[in-house]
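Commentary on secondary and tertiary structure
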Amino acid sequence: MKTRGQIYLDILITVGILAILGNALFRLVMSAYELVSFNKARVTARHLALEKIEFIRNLPYANVGTLGGIPAGPLLQNENIMRNSLNYKIKIDVVYVDDPFDELAPQDLLPTDYKRVRVDVSWQGVAGSESNPITTVTDIAPPGVETTAGGGTLSILVFDANGLPV
């Protein structure tokens, strides 16, 4: 027959083991919840970024720009949107790009070959992403570079046997 002190010791060890196992189970459930929340927020942020990119692609070339930015346009540089009870911050940057393909850079007199748009979407909450946003980038070419007749622009450089342009 066990003594009373040994029964209390067995109960104490059992409670300790259950507490350790319960803590591990709780951490596992919380990690799974955080992962699911993060993936749900990330998919929503990706959809918001692609939605903004498609909206910008459908703007006239002259309107692709931000309020107070260079190039100027009607787009907000920073915007907050609520989706799925989370606050998403959308940041839009538009810059001119001087493409080195035309072989005029950096002495190009018109260094605005096309516009590059970058959309960053971050969110706050259980699994926030302030330091690691969803980023999408697209290039917007001005009208006139492409034509319907030939399907594009072709540039040819011709040299003679001495390496001089013809």
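I will try to describe carefully the structure that is included in this document. Here the residue index of a chain counts from 1 through its sequence in written order. pLDDT decides what is reported in this predicted model: residues at 70 or higher carry local features, side-chain atom pairs at 80 or more are listed and counted, and totals for whole chains, interfaces and linings draw on all residues regardless. For the side-chain quantities, the full set of heavy atoms in the structure was used; hydrogens and water were omitted.

Glancing now at the sheet that holds strand β4 (residues 134-140). Backbone-to-backbone hydrogen bonds pair the strands of a sheet. The strands run either parallel or antiparallel. The antiparallel open sheet is built from four strands, whose spatial order is β1-β2-β3-β4. Bordering the open sheet on either side are β1 (78-83) and β4, each of which pairs with just one other strand. Taken over all neighbouring pairs, the strand axes of this sheet differ in orientation by 20° on average, direction set aside. In this analysis, strands are considered paired if DSSP registers two or more bridges between them. Secondary structure is summarised from DSSP: a helix means a run of H or I of at least four residues, a strand means a run of E of at least two, and numbering begins at the N terminus for each. Axis lines are fitted to C-alpha atoms, over the contacting stretch for helices. Their N-to-C directions set the angle, which ranges from 0 to 180 degrees.

Another aspect to go through is the pairing of β1. Each regular strand displays side chains that alternate between the two surfaces of the sheet. Judged from the six bridges that link them, β1 and strand β2 (residues 86-97) form a sheet pairing that is antiparallel. Paired with asparagine 78 across the strands is lysine 91, a residue of β2.

By the secondary structure assignment, threonine 44 is in helix α1 (residues 4-57). Contacts: residue pairs with any heavy atoms within 4.5 Å of one another. Filtering out sequence-adjacent residues up to four positions away, threonine 44 remains in contact with Arg83, Asn84 and Tyr88.

Here methionine 82 is to be found in strand β1. Think of it in three bands: residues with accessible area under 20% of the maximum for their type are buried, residues over 50% are exposed, and the middle band is partly exposed, with areas taken using a 1.4 Å probe on protein chains only. The exposed category is assigned to methionine 82, whose relative accessible area is 55%. Methionine 82 sits 41 residues away from tryptophan 123 along the chain, and the two C-alpha atoms are 9.5 Å apart.

The next thing to look at is unusual backbone geometry. Look at the link from isoleucine 70 to proline 71: it is a cis peptide, with omega at 5°. Topologically, proline 71 is positioned in the loop between α1 and β1. Unusually for a residue other than glycine, asparagine 84 sits at a positive phi of about 50°. Mapped onto the secondary structure, asparagine 84 falls in the loop between β1 and β2. The phi torsion at serine 85 lies on the positive side, around 65°, for a residue other than glycine. Tracing the backbone shows serine 85 in the loop between β1 and β2.

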